[in-house]
Amino acid sequence: MFCDTKLTSVTIPEGIQSIGNSCFSGCSSLTNVSIPVSCQVLDEYTFSGCKLLSHIDMPQSVKYIGEACFSGCSKLNLSIPGQTEVIGDWAFHQCYKFTEINMPGSVTNIGANAFYGISVKKVNTESLSDWCKIRFKDATSNPTSIAKSLFLNDELVVDVIIPDGVRELHDYVFANCADIRSIVIPASVTKIENNAFYGCTALETVTVSPDNRFYETEEGVLYRKGEWNPLYIPPSTKRLIVREGCTKIDLNLIKNSSALEYVYVPASVTEIDPLAFKNCRDKVNLEIDPRNGSFQLIDGVIYTKDSQIAVFGNAGLQIVALLPTVKEVGKYCFDGVSSITNVALNEGLETICDYAFRNCALTSLVVPDTVMSMGSACIGNAKQLENLTVPFVGDVRGFRTIPAYNKRLSYICGSSGEPTNLKKLTITDETEFYEGCLSYANNDKLEELTIPFIGRKLGAYYGSNSSHFGYVFGAKKHEDNASAVPSSLRKVTITRDTVISSYAFENCGGLEHVIVSSDAISSIGNYAFNNCVGLT
């Protein structure tokens, strides 16, 4: 209403009960405001953008502070009125002077990002009963997400005793309170929402009154009474006994726990998602109830009962030898088990799923010729891998033009997890290569390559644009071999029936050995090794 005026001071007359939407929004010269005791509502954007506003006579009678009401009032320091019930989204956004918040007991609802952009140092309440009545729209609604702590009558809250009479603990009621170590829940509580203890990283124990009819704890884990799915697992929990009746172990069950070292899997479980343990992958070990009809634990690896799928590898494994009956290594099966240095894959294995051996410390890996499919980043982040043998390049056996990325070596290594120390690469059974399929960002360590044929396709001649050695490294034509072929490459072995076309190895000056079986060559073209000055 008064936007862009030269107003510097405003006194609202007595009798006004509400100040309307955007009434003084953008009054860039406004410094002082007096609001009468009759006023109960400050509507949306009322003083937003009043960047010089530094003083408000705010009566205790104000019950509603609307969305972005004081957003951008960077010089304003005020107290929340004692009768305020609702604080809207972005209400105090960028009110930089507002660093200490005394939350009135009257507040019942706080919107998203209400205190966004403020360096809140202290949040104080006079009553935990009143504090527990507040409904926070999300974690950003609660100023404790910024201050990382809560004070009760100016004393830091460390051990929380919920007062008897409190019936509900709403989402984010203690959001990001990093000092809270324990919480005691009385018999009166009938509802605890899923994110009540969101971000309480130091919380060690939750205790429920034995007289509570709705909740209980077992080994420090909070459950709804009689249910198997944990409502809350304290961040420091190291041991989890999954209750009988649970059928699926997933993120919903484990809830991003990062300290778990031992998990007991009951007979009722029929599905295990390794991603559930992503935050504790390098320390957690699972034990399977011997009565479980779906899984078995053998030498630290969980397999399906029929021994055909490897599902999960326990932490601490160094050497993995798959059972001879295994057909598939499941998604995320050994992902993050950084102690693994050696894996023996069985003949008969058909599928290696996405991320199966990601973040392992493998130095050598031989993928058997029986494998028909290799998943995305299945050996991702293999920084220590020096020797790799694969039957083909890419995701599945057989040439596919779309998508091209799936037919590159980098597909199984992951976009940011290429084998930066790979020295020896062997491809045993490929029949057609995609241009540049062996090119990746850091392949200047490669010294030795064994490959079935030269160029694009086994036993065929496709002319100068697809029949030269550098084709697999991204060289468009034979003249580009020198710039595309890794300068570290010294030895190439060709194993299958092939044509070495004219100029095939031209300008591969770093090569010292090209080994071809006499019965594998059908012809060698003119100048095939032109300018290969290092060949011996």
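Here, every reference points to the structure presented above.
K.L.:
What's the story with the pairing of strand β37 (residues 424-427) in this structure? I'm lost.
P.N.:
In the case of a regular strand, side chains alternate between the two sheet surfaces. In this sheet, β37 lies alongside strand β36 (residues 387-390) in parallel orientation, the contact comprising four bridges. Counterpart to Val 390 in the pairing with β37 is Ile 427. Judged from the three bridges that link them, β37 and strand β38 (residues 448-451) form a sheet pairing that is parallel. Its bridge partner lying in β38, Lys 424 is registered against Glu 448.

K.L.:
What's the story with the nonpolar core in this structure? I'm lost.
P.N.:
For soluble globular proteins, nonpolar side chains are generally found buried alongside one another. Core analysis: the biggest nonpolar cluster contains 71 residues, and Phe 47, Phe 70, Phe 92, Phe 115, Phe 174 and Phe 197 have the highest contact counts within it. Of all the elements in the fold, those that place two or more residues in this core are β8 (100-103), α1 (128-131), β16 (182-185), β18 (205-208) and β21 (230-232). Excluding its chain neighbours within four sequence positions, the residues that come into contact with Phe 197 are Leu 169, Phe 174, Ile 183, Ile 185, Ile 192, Leu 203, Leu 222 and Tyr 232. With 66 residues, the next largest nonpolar core counts Ala 310, Leu 349, Ile 352 and Leu 449 among its residues.

K.L.:
Whenever I open this one, the pattern of salt bridges confuses me. Can you help?
P.N.:
Side-chain pairs of opposite charge can arise whenever the charged atoms involved come near each other. Tallied over the entire structure, the rule returns 21 salt bridges. A salt bridge links Arg 291 to Asp 289; the shortest N-O distance between them is 2.8 Å. Looking at Arg 291, the relative accessible area reads 63%, which means it is exposed. Overall, Asp 289 belongs to the buried group, its relative accessible area being 4%. In this structure, Asp 480 engages Lys 477 in a salt bridge whose closest nitrogen and oxygen atoms are separated by 3.6 Å. Through salt bridges with shared partners, a single ionic network connects Arg 135, Glu 168, Lys 191 and Glu 193.

K.L.:
Would you mind showing me how to read the environment of Val 120 here?
P.N.:
Looking at the secondary structure, you find Val 120 in the loop between β9 (109-110) and β10 (122-125). Put simply, Val 120 and Ser 188 are 68 residues apart on the chain and 32 Å apart in space, counted from C-alpha to C-alpha. Those residues in contact with Val 120 that lie beyond four places of it in its chain are Phe 98, Thr 99, Ile 101, Pro 143, Ile 146 and Ala 147.

K.L.:
Would you mind showing me how to read the sheet that holds strand β26 (residues 285-288) here?
P.N.:
Within a sheet, each strand pairs with its neighbour through backbone hydrogen bonds, oriented either parallel or antiparallel. One open sheet holds the three strands; their spatial order is β22-β24-β26, and the pairing between them is parallel. With one partner strand each, in any of the chains shown, β22 (239-241) and β26 form the two edges of the open sheet. Strand-to-strand twist across the sheet, computed as the mean angle between neighbouring axes with direction ignored, equals 15°. Relative to β26, strand β24 (residues 262-265) runs parallel, the two being bridged by four bridges. Along β26, the bridge assignment pairs Val 265 with Ile 288.

K.L.:
When you look at the layout of surface pockets in this model, what are you seeing that I'm missing?
P.N.:
In this approach a probe as big as a water molecule rolls over the atoms, and the regions it shows empty are the leftover space. Taken as a whole, the largest pocket encloses approximately 440 Å³ of empty space. In this structure, the largest pocket is lined by 18 residues; those nearest its centre are Gly 199, Tyr 232, Ile 233, Lys 255 and Asn 256. Elements that contribute at least two residues to the lining of the largest pocket include exactly β21 and α3 (251-254). Of the residues belonging to the lining of the largest pocket, the class tally is nine nonpolar, eight polar and one charged.

K.L.:
When you look at the packing of aromatic side chains in this model, what are you seeing that I'm missing?
P.N.:
What describes a pair of aromatic rings is the distance from one ring centre to the other and the angle between the planes of the rings. Applying the stated criterion to the full structure yields 18 aromatic pairs. Their ring planes at 25° and their centres at 4.8 Å tell us that Phe 469 and Phe 505 sit as a pair that is stacked. Residue Phe 469 is found in the loop between β38 and α5 (481-484), and its partner Phe 505 is found in the loop between β40 (498-500) and β41 (513-516); the two are separated by 36 residues along the sequence. Pairwise contacts between aromatic rings join Phe 24, Phe 47, Phe 70, Phe 92, Phe 98 and Phe 115 into one cluster. The ring centre of Phe 151 lies 5.0 Å from the NZ or CZ of Lys 122, which sits over that ring. Looking at Arg 281, its charged tip hangs above the ring of Phe 312, at a distance of 3.9 Å from the centre.

K.L.:
How should I be thinking about unusual backbone geometry in this particular structure?
P.N.:
Trans peptide bonds make up most of the peptide bonds, and negative phi angles are found at most residues other than glycine. With a phi close to 60°, Asn 176 is a non-glycine residue in the positive phi region. Structurally, Asn 176 is set in the loop between β15 (168-169) and β16. Residue classification places Asn 176 among the buried residues on the basis of a relative accessible area of 18%. At Tyr 527, a residue that is not glycine, the phi angle is positive and equals roughly 55°. With respect to the helices, strands and loops of the structure, Tyr 527 is situated in the segment after β42 (521-524). Residue classification places Tyr 527 among the exposed positions, given a relative accessible area of 53%.

Criteria and thresholds
- Residues numbered from 1 in each chain as written.
- Predicted model: local features only at pLDDT ≥ 70, side-chain atom pairs only at ≥ 80, totals over all residues.
- Heavy atoms only, no water.
- Pairing = 2+ DSSP bridges.
- Helix = DSSP H or I, 4+ residues; strand = E, 2+ residues; numbered from the N terminus.
- Core = buried A, V, L, I, M, F, W, Y, C linked by side-chain atoms within 4.5 Å.
- Buried < 20%, exposed > 50% of the residue type's maximum accessible area, 1.4 Å probe, protein only.
- Contact = heavy atoms within 4.5 Å.
- Salt bridge = Lys/Arg side-chain N within 4 Å of Asp/Glu carboxyl O.
- Axes fitted to C-alpha atoms, helices over the stretch in contact; angles between N-to-C directions.
- 1 Å grid on protein atoms, 1.4 Å probe; cavity = no way out; pocket = protein on both sides within 12 Å on 5 of 7 lines; lining within 4 Å.
- Points joined across faces, edges and corners; volume = space filled by probe spheres on them.
- Nonpolar A, V, L, I, M, F, W, Y, C, P; charged D, E, K, R; others polar.
- Phe/Tyr/Trp six-rings, centres within 6.5 Å; stacked < 30°, edge-to-face > 60°.
- Lys NZ or Arg CZ within 6 Å of the ring centre and 35° of its normal.

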